[in-house]
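Spelled out, the chains give:
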Amino acid sequence: QVQLVESGGGLVQTGDSLRLSCAASGRTFSNYAMGWFRQAPGKEREFVAAISVSETSTNYADPVKGRFTISRDNAKNTVYLQMNSLKPEDTAVYYCAASLTYYTGRISSRYNYWGQGTQVTVSA
């Protein structure tokens, strides 16, 4: 089992920055790839970013490329999502997810464990 706990969400204005954190426990963190997804009200959950075990590979959704950066600290069992130049359309609940098969793609069903989510609200 893997437990994931997100933090760092909040209410910000357009153009502001936030850094989300996801703390993992239960299994060896460095054995699984990590991803971030988000879900806005009335919309399906969508892929945001993912990172490989060794940080050598990252993957981003087009809407966040150049603004968001995913990183991980295996010593701290934590993955981060640095979000810059936030827009109202970034408003959503953000979830981190763990893939035991080293998957870093966009298909949510390929991720094995999920956190409870943290709300990010960007005002215009």
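About the criteria used
Residue positions are counted from 1 within each chain, in the order its sequence is given. Local features in a predicted model are, by the rule used here, given only for residues with pLDDT of at least 70; side-chain atom pairs are given and counted only at 80 or more, and totals for whole chains, interfaces and linings are based on all residues. Side-chain descriptors were evaluated using all non-hydrogen atoms of the structure, hydrogens and water having been removed beforehand. Any two cysteine sulfur atoms lying within 2.5 Å of each other are counted as a disulfide. Only DSSP runs of H or I covering at least 4 residues are called helices, and only runs of E covering at least 2 are called strands; the numbering of each starts at the N terminus. Only protein chains enter the calculation, and the probe is 1.4 Å; a residue is then buried if its accessible area is under 20% of its type maximum, exposed if over 50%, and partly exposed in between. Any Lys or Arg side-chain nitrogen found within 4 Å of a carboxyl oxygen on Asp or Glu counts as a salt bridge.

Trainee: An account of the state of the cysteines is requested, with residue identities and associated values reported.
Mentor: One pass over the structure, following the stated rule, counts one disulfide. A sulfur-sulfur distance of 1.9 Å marks the disulfide that ties C22 to C96. Given an S-S torsion of about 45 degrees, the disulfide between C22 and C96 has right-handed geometry. Note that C22 is positioned in strand β3 (residues 18–25) and C96 in strand β9 (residues 92–99), a separation of 74 residues in sequence. The pair C22 / C96 is uniform in exposure class, with both members buried.

Trainee: Describe in detail the pattern of salt bridges, supporting the description with residues and values.
Mentor: This model, assessed by the stated rule, comprises four salt bridges. Here R38 and E46 are joined by a salt bridge, their closest N and O atoms 2.6 Å apart. With a relative accessible area of 6%, R38 lands in the buried category. Note on E46: relative accessible area 34%, which makes it partly exposed. The shortest N-O distance in the salt bridge between D90 and R67 comes to 2.7 Å. Taken together, the residues span a long stretch of sequence, with D90 in the loop between β8 (78–83) and β9 and R67 in the loop between β6 (58–60) and β7 (68–73) at a distance of 23 residues. In the salt-bridge network here, residues are joined through shared partners; they are R38, E46, R67 and D90.

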